[in-house]
Amino acid sequence: MAERTDVVFVDGVRTPFGRAGEKGMYWNTRADDLVVKAITGLMERNPNVPGERIDDVAIAATTQAGDQGLTLGRTAALLAGLPVSVPGFAIDRMCAGAMTSVTTMGSAIGFGAYDLAIAGGVEHMGRHPMGAGVDPNPRFLSERLVSEYALNMGATAERIHDRFPEYTKDRSDRYALRSQQKVAAAYAAGKIQPDLVSVATRSDSGWGLATRDEAPRPETTLEGLAGLKTPFRPHGRITAGNASGLNDGATACLLASGATAKELGLSVKMKMVSFAFAGVEPEVMGLGPVPSTEKALRKAGLSITDIGLFELNEAFAVQVISFLDHFGIDDDDPRVNEYGGAIAIGHPLASSGVRLMNQLASQFADHPEVRYGVTAMCIGLGQGGTVIWENPHFNKKAAKR
């Protein structure tokens, strides 16, 4: 049996993330056009990659309907101008769609079936609200397979607060404020812009150009967060301020075998070490990244103390807090979400996994003292996903300083 092939993350891009709905910058932009823009931007940034060498294109979407359906990986590949010989397909694992696109393509490369692949995701929550047109099987509730809370993500976050009273609303608000502040600082330092692909937009006032995320609120204060309504429960703890919003956006990344990257002279930003998905009670789906991370660490022969950087998807502040508490990590630990997260940037569901990877890859370049990093996220209906990455810039001397 052949040895496993190295899987490397060559490059990743994303569109700026917009606010969902009629007032959002992508209201008049098709979902498939968003992901096509990400793919074309990715290929333009990597001119050494012959289009005909791409073995497959995996694009995720949670609500696969309308302009977000029709075997999205294949249609996006054709619309992006890739050769007709390049196949493609669609993936759905809700919030971890793009992450699953990456792990699926990475598995094919690791097995030796593929040399190069594109993986990503798109979500136009303005055109396709989460769960629109879905008909959940009545057995879920009639047979008490899940509670009524399981199908409402905000309600599942409230249940984490219930289960762990020490996770107070004030603590969630403080975490959310830091996310806004870190995103503002990252933009000011030019850390986010390099991976953004500009998108032409159209509105009643004419044409425009999306060049940065629409959702961040750098003016956020703790007092303002404290006064927000709790839409999922009277006197609850989840608000629009300590949760990710409804957003539109797309991501795409290029994966390769180590040998192919060397052959084509491609940069290597990260190396895939291991990954894992795990299930938890749907009623507290935000706890999912805990067992998936434990599983990925076990598969890699690593412990949490080996991880020098974390990119955790901020679906809800309490969800990240539950992960940090489990692993004994402080809320203010500088290893966690250095550039901020989804509370400020936004969370266009199936696209977010690659955003986490883009940010981790950028941080790896700035942190040669760090060898391993994690991208992890919770997933609707009670799941978690984790990918462990190795830093190709790792320097033992830097690590000992």
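Residues numbered from 1 in each chain as written. Predicted model: local features only at pLDDT ≥ 70, side-chain atom pairs only at ≥ 80, totals over all residues. Heavy atoms only, no water.

As annotated in an unreviewed UniProt entry, the protein is Acetyl-CoA acetyltransferase from Cryobacterium arcticum. Quoted verbatim from the Sequence similarities (unreviewed entry) field of the UniProt record, the comment on the protein reads "Belongs to the thiolase-like superfamily. Thiolase family." (UniProt positions renumbered as here; feature names shortened; annotations may be inferred.)

A. Summary view of the environment of Thr 260. Structurally, Thr 260 is set in helix H8 (residues 258-264). Separated by 145 residues in sequence, Thr 260 and Asp 115 place their C-alpha atoms 6.2 Å apart. Once residues lying within four places of it in the same chain are set aside, the contact partners of Thr 260 are Arg 53, Asp 115 and Leu 116. (Helix = DSSP H or I, 4+ residues; strand = E, 2+ residues; numbered from the N terminus. Contact = heavy atoms within 4.5 Å.)

B. Inspection of the packing of aromatic side chains at higher detail. A complete count under the given rule lists five aromatic pairs for this structure. On the numbers, 6.2 Å between centres and 65° between planes, the contact of Phe 275 with Phe 277 is edge-to-face. Judged by centre distance (4.8 Å) and plane angle (55°), the rings of Phe 323 and Phe 327 are tilted. Neither residue differs from the other here; Phe 323 and Phe 327 are each classed as buried. One aromatic cluster is present, formed by Phe 310, Phe 323 and Phe 327 through successive ring pairs. Here the guanidinium or amino end of Arg 93 rests over the ring plane of Phe 277, the centre of that ring lying 3.7 Å away. We note Arg 202 situated over the ring of Trp 207; from NZ or CZ to the ring centre the distance is 6.0 Å. (Phe/Tyr/Trp six-rings, centres within 6.5 Å; stacked < 30°, edge-to-face > 60°. Buried < 20%, exposed > 50% of the residue type's maximum accessible area, 1.4 Å probe, protein only. Lys NZ or Arg CZ within 6 Å of the ring centre and 35° of its normal.)

C. Representation of the nonpolar core within the structure. Tyr 175, Phe 310, Leu 312, Phe 316, Leu 324 and Ile 388 are the most contacted members of the largest nonpolar core, which has 41 residues in total. Those elements that provide at least two residues to this core are helix H5 (153-163), helix H6 (169-188), helix H7 (222-226), strand E9 (270-279), helix H9 (289-300), strand E10 (307-312), helix H10 (317-326) and strand E11 (372-379). If you look at the next biggest cluster of nonpolar residues, it comprises 37 residues, including Val 36, Leu 42, Ile 54 and Leu 72. (Core = buried A, V, L, I, M, F, W, Y, C linked by side-chain atoms within 4.5 Å.)

D. Just the UniProt feature "active site" (unreviewed entry) in the protein, in detail. Under the present numbering, the feature "active site" (unreviewed entry) in UniProt falls on Cys 95, His 347 and Cys 378. Taken along the chain, the residues just named run across 284 residues; in space they keep tight, none of their C-alpha pairs more than 11.9 Å apart. If you trace the backbone, Cys 95 turns up in the loop between strand E4 (88-91) and helix H3 (97-111). With a relative accessible area of 6%, Cys 95 lands in the buried category. If sequence neighbours within four positions are ignored, Cys 95 has contacts with Thr 62, His 347, Leu 349, Ala 350, Met 377, Cys 378 and Ile 379. Residue position: Cys 378 is located in strand E11.

E. How the structure looks around the pairing of strand E1 (residues 7-14). The buried count for E1 comes to eight of eight residues, which makes it a mostly enclosed element. In this sheet, E9 lies alongside E1 in antiparallel orientation, the contact comprising two bridges. Bridge assignment links Phe 9 to a residue of E9, and that residue is Met 270. (Pairing = 2+ DSSP bridges.)

F. How the structure looks around the UniProt feature "domain: Thiolase C-terminal" (unreviewed entry) in the protein. Mapped onto the present numbering, the UniProt feature "domain: Thiolase C-terminal" (unreviewed entry) falls at residues 268-390. Taken as a whole, residues 268-390 contains 33% helix and 26% strand, while its terminal C-alpha atoms sit 11 Å from one another.

G. Up close: helix H1 (residues 31-45). Its 15 residues place the ends of H1 22 Å apart at the C-alpha level, agreeing with the 21 Å of an ideal helix rising 1.5 Å per residue. With eleven of its 15 residues buried, H1 lies for the most part within the structure. Along H1, the residues classified as buried are Ala 31, Asp 32, Leu 34, Val 35, Val 36, Ala 38, Ile 39, Thr 40, Gly 41, Leu 42 and Met 43. For H1, the secondary structure elements touched by its buried residues are E1, strand E3 (56-60), helix H2 (72-79), strand E5 (116-124), strand E6 (199-203) and strand E8 (247-257). (Expected span 1.5 Å × (residues − 1).)

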